[in-house]
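Architecture at a glance
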Amino acid sequence: MSLDLAQSALNTAVLIYIIQLLPQLWRTASKSSVSDLSTIMIRLIWVGWIMDVLYAKLNAMPIQYFVVSYLGLFQTMLWILLLCTRKVFTTKELLSFFTVVICVIVSPLKWVIKLKFLPILTIGQVCFWFCWISQLVRSLIQKSAQDISLLSMFLSAIGTVCSLVAGSVLGWEKQYIFNLMLVVFSHICILAVLAYYRFYSKQNTSL
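These notes cover the structure that comes with them. Remember, predicted model here, so these are calculated numbers, not experimental data.

Inspection of every chain in the model, using the stated rule, returns six aromatic pairs. When the centroid spacing of 5.2 Å and the interplanar angle of 75° are considered together, the rings of Trp49 and Phe128 count as edge-to-face. One end of the pair, Trp49, is in helix H3 (residues 39–59); the other, Phe128, is in helix H7 (residues 120–142), and 79 residues separate them in sequence. With a centroid separation of 6.0 Å and 50° between ring planes, the pair formed by Tyr55 and Tyr65 is classed as tilted. Note that Tyr55 is positioned in helix H3 and Tyr65 in helix H4 (residues 63–85), a separation of ten residues in sequence. Judged by its relative accessible area of 8%, Tyr55 is buried.

Right, dumping it as structure tokens:
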């Protein structure tokens, strides 16, 4: 029964993670320009997914983990591409992002193993932690959160809850479980603040 619950939670998390960034991509694509997105946030999300892919390779994670990691990285690159067309990132930066991604994806395991001395999991978790904090700071400064999709963040929170359930049952690393618990709490707090600035600024209130 517990394993069935864990598998169901894991599959649900995978589905959510697959679609979670789509509302954000749509929001960015529908705007001719952006003003209150934190570029630091986007860079940290990118690094976080890079670390996630490396972690999956090093630890032979379940296929669902690989799917989420690769799709998360792919969607983040698509987001960066959209922002590049809106002059948020330069073409040179875009090429740098793509070059690193290709190197990480095509690198054989024997090369990746040489990175074991790095705290890859910790680096990835720290990046995902501080990415939303950087967006929060930018929104606090500008008193606006019009360019961030609240729906994407809500989906991320739900997906994290599902991952927490699955990880607790399947016995994932304690560090990973503890991080998921903190992420759920932080998502709720940050989402509330961003929602306030979305409606407080009284501009476009659609998700």
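Continuing now.
Next up on the list: unusual backbone geometry. You will see that Lys87, though not glycine, has its phi angle at about 65°, which is positive. Assignment of secondary structure puts Lys87 in the loop between H4 and helix H5 (91–106).

A surface patch of nonpolar side chains, about 460 Å² in accessible area, is lined by Leu3, Leu5, Val161, Val165, Val169 and Leu170. Residue assignment for the nonpolar patch shows that the elements contributing at least two residues are helix H1 (2–19) and helix H8 (150–170). Top contributing element to the nonpolar patch by residue count: H8, with four residues. Among the secondary structure elements, Val161 is positioned in helix H8.

This paragraph deals with the side chain of Ser144. Note on placement: Ser144 falls in the loop between H7 and H8. Here Ser144 is in contact with Asp36, Ser139 and Tyr197, once residues within four sequence places are set aside.

Formed by 59 residues in total, the largest nonpolar core has its most connected members in Met41, Ile42, Trp46, Ile50, Trp79, Ile80 and Ile148. Ranked by residue count, the leading element in this core is H3, at twelve residues. Sequence-distant contacts of Trp79, defined by excluding residues within four places in its chain, comprise Leu21, Gln24, Leu25, Thr28, Leu37, Met41, Ile42 and Ile45.

Our focus in this paragraph is the environment of Thr76. Position of Thr76 relative to the elements: it lies in helix H4. It is 25 Å that separates the C-alpha atoms of Thr76 and Phe178, two residues lying 102 residues apart in sequence. Those residues within four positions of Thr76 in sequence are excluded, and the remaining contacts are Leu21, Ile45, Trp46 and Trp49.

Take empty space enclosed by the protein next. For the structure on display, the rule yields one cavity of 30 Å³ or more. In this structure, the largest cavity encloses a volume near 680 Å³. Considering the residues around the largest cavity, the lining is formed by 40 residues, among which Tyr17, Gln20, Trp49, Phe128 and Ser156 are closest to the centre. Looking at the lining of the largest cavity, the elements with two or more residues in it are H1, H3, H4, H7, H8 and helix H9 (174–200). In terms of residues, the lining of the largest cavity owes the most to one element, H4, which gives eight residues. Split into classes, the residues belonging to the lining of the largest cavity amount to 23 nonpolar, 16 polar and one charged.

Each value, and the rule that gives it
Residues numbered from 1 in each chain as written. Predicted model: local features only at pLDDT ≥ 70, side-chain atom pairs only at ≥ 80, totals over all residues. Heavy atoms only, no water. Phe/Tyr/Trp six-rings, centres within 6.5 Å; stacked < 30°, edge-to-face > 60°. Helix = DSSP H or I, 4+ residues; strand = E, 2+ residues; numbered from the N terminus. Buried < 20%, exposed > 50% of the residue type's maximum accessible area, 1.4 Å probe, protein only. Patch = residues over 30% accessible without salt bridge, like charges linked within 9 Å, V, L, I, M, F, W, Y side chains within 5 Å. Areas by Shrake-Rupley, 256 points an atom, 1.4 Å probe, with all protein chains shown as cover. Salt bridge = Lys/Arg side-chain N within 4 Å of Asp/Glu carboxyl O. Contact = heavy atoms within 4.5 Å. Core = buried A, V, L, I, M, F, W, Y, C linked by side-chain atoms within 4.5 Å. 1 Å grid on protein atoms, 1.4 Å probe; cavity = no way out; pocket = protein on both sides within 12 Å on 5 of 7 lines; lining within 4 Å. Points joined across faces, edges and corners; volume = space filled by probe spheres on them. Nonpolar A, V, L, I, M, F, W, Y, C, P; charged D, E, K, R; others polar.

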